[in-house]
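In case you want the letters, here they are:
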Amino acid sequence: MIIDSQKRLFGKGCNVSLFTLGTMRATENLNKMYSLIKRAHQAGINHLETAASYGKAEILIGEVLNKLENSEKITKKEWIITTKVLPKGDFNYLKKNFKNSLKNLKLKKIHNLAIHGINLDEHLDWVLNGEGVKFLQWLIKNDLVDQVGFSSHGSYKLIEKAINCEVFSFCNLHLHFLDQSKISLAQLALKKKMGVLAISPADKGGRLYAPSDTLLKASAPYHPLALAYRFLLSKGITTLSLGASKIEDFYIAEKLINSSQKLTSSEINALKNIEKVANEELKSSKCEQCRSCLPCPSEIPIPEILRLRNISLGYGQIEFAKERYNLIGRAGHWWEEKNASFCLECNECVPKCPSELNIPELLKQTHNLLVEKPKKRLWG
Ligand code: SF4
Ligand code: SF4
């Protein structure tokens, strides 16, 4: 049975389902990509998100969409495709790569192209003043894309600039219940009629598909992931990416495929209860993420590190926090560069903290709690 799903206008492009199938974890082989895309269709998902840099993803999607059209009568027209390019290289390189994406996806035109990883000022400059200008003009002149957007793991200010630069009509952002620091940016983008995709609310949002007992108990009668999805959908976020690698990954999302309505009072109470439990666990040491302590002379991303502390001690998602902490300094401009071990204990941040936290002490504790050998990273 195919679920009849609600669609929302994604920027200046087409209407997309409330969930988007991210294909980064489906690249093992054709069978896997086929079963996940077919299941996405059954779940009412019409939006596929990929990138030339996701291994064989574009080639597999191209083959799967042909196969579905021929054997299941699911036409290619039913799908909205977003692919991505990195903000680097000259015009000829970009043109060649984009033509390659079209060839791999077996398409003449792509609905949405995201400039992937506007993480530094120089990336936005590449779009506005560098080779990106020529490339985007070429795409539009030749009617090769419906719209151009961006994804970013960068700072608040940089994302704000990108939203306001009037080049992009959609954006892919890190928007999470456990990290609400970019929600106001999403609201700014929505106000400007841009499409907004939440990147990986299940995994990067705190590995909520594997919740701790603390989170499970606090969010009852809801699953923490279902609540996190509902939180984002009720904020008007156009679509949430679902990086499925197995059929079970659809179970929670497909139940919410038409659930963009306001939060119910029962959901609000469950969300409040999660916060209450986290506050009790953290006692008076919760970092409120206000960013008043910045800048740190040693360039330590204090709020990000203390957010991982909140997540591990307050919500019990310690494995997730460890993974993120140990990526610091190992993922280039895709994540933070300095961990808590760079703190010189100068105490400059302490009087700036409205919560009167002993920041150097908390950073030290967090480092001891989370530091370990790095694990393999997929992307972002
Ligand atoms: S105490 Fe540590 S975190 Fe605070 S300002 Fe000094 S170096 Fe930065
Ligand atoms: S000032 Fe205090 S509460 Fe605010 S982000 Fe920094 S450490 Fe957290």
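Reading the values: the criteria
Residues numbered from 1 in each chain as written. Chains lettered and ligands numbered in written order. Predicted model: local features only at pLDDT ≥ 70, side-chain atom pairs only at ≥ 80, totals over all residues. Heavy atoms only, no water. Helix = DSSP H or I, 4+ residues; strand = E, 2+ residues; numbered from the N terminus. Expected span 1.5 Å × (residues − 1). Buried < 20%, exposed > 50% of the residue type's maximum accessible area, 1.4 Å probe, protein only. Contact = heavy atoms within 4.5 Å. Domains from an automatic or database assignment. Buried area = accessible area lost by both parts, 1.4 Å probe. Salt bridge = Lys/Arg side-chain N within 4 Å of Asp/Glu carboxyl O. Polar contact = N/O pair within 3.5 Å; in protein donor to acceptor, adjacent residues only side chain to side chain. Nonpolar A, V, L, I, M, F, W, Y, C, P; charged D, E, K, R; others polar. Phe/Tyr/Trp six-rings, centres within 6.5 Å; stacked < 30°, edge-to-face > 60°. Lys NZ or Arg CZ within 6 Å of the ring centre and 35° of its normal.

The name that an unreviewed UniProt entry assigns to the protein chain is Aldo/keto reductase family, with the source organism given as Prochlorococcus marinus.

Caption draft 1: Main features of helix α1 (residues 30-42). Between its first and last C-alpha atoms α1 spans 18 Å; for 13 residues at 1.5 Å apiece the expected length is 18 Å, and the two agree. Those residues of α1 not exposed but buried are Lys32, Met33, Tyr34, Leu36, Ile37, Arg39, Ala40 and His41. Where α1 is buried, its residues touch β3 (19-22), β4 (47-49), α2 (57-72) and α10 (251-255). One or two positions beyond α1, positive phi appears at Gly44, with a value near 90 degrees.

Caption draft 2: Representation of the domain arrangement of the protein chain. Under the domain assignment, the protein chain is made up of domain 1 (7-210 + 223-262) and domain 2 (283-370). Here the C-alpha centroids of domain 1 and domain 2 sit 30 Å apart. Contacts between the two partners involve 15 residues from domain 1, matched on the other side by ten residues from domain 2. Summed over both sides, the interface of domain 1 with domain 2 buries roughly 1200 Å², with 57% coming from carbon and sulfur. Summed over the shared surface of domain 1 and domain 2, the result is two salt bridges. Notably, a salt bridge pairs Glu323 with Arg207, separated by 2.5 Å at the nearest N-O pair. Summed over the shared surface of domain 1 and domain 2, the result is six residue pairs in polar contact (both at pLDDT 80 or more). Grouping the constituent residues of the side of domain 1 that touches domain 2 by class yields five nonpolar, six polar and four charged.

Caption draft 3: Representation of the packing of aromatic side chains in the model. The full count for this structure, using the stated rule, is eight aromatic pairs. Each ring, one from Phe10 and one from Phe170, has its centre 5.0 Å from the other, and the planes form 40 degrees; the classification is tilted. Residue Phe10 is located in the loop between β1 (7-9) and β2 (15-17), and its partner Phe170 is located in strand β8 (residues 170-173); the two are separated by 160 residues in the primary sequence. Ring geometry for Phe98 versus Trp138: centroids 6.2 Å apart, planes at 90 degrees, classification edge-to-face. Of the two residues, Phe98 sits in helix α3 (residues 91-105) while Trp138 sits in helix α5 (residues 131-141), which places them 40 residues apart along the sequence. As far as burial versus exposure is concerned, Phe98 and Trp138 are alike and both buried. Through a chain of ring-to-ring contacts, the aromatic side chains of Phe91, Phe98, Phe135 and Trp138 assemble into a single cluster. Lying across the ring of Tyr34, Lys67 places its NZ or CZ 4.3 Å from the centre. Sitting over the ring of Trp335, Arg324 keeps its end group 4.6 Å from the ring centre.

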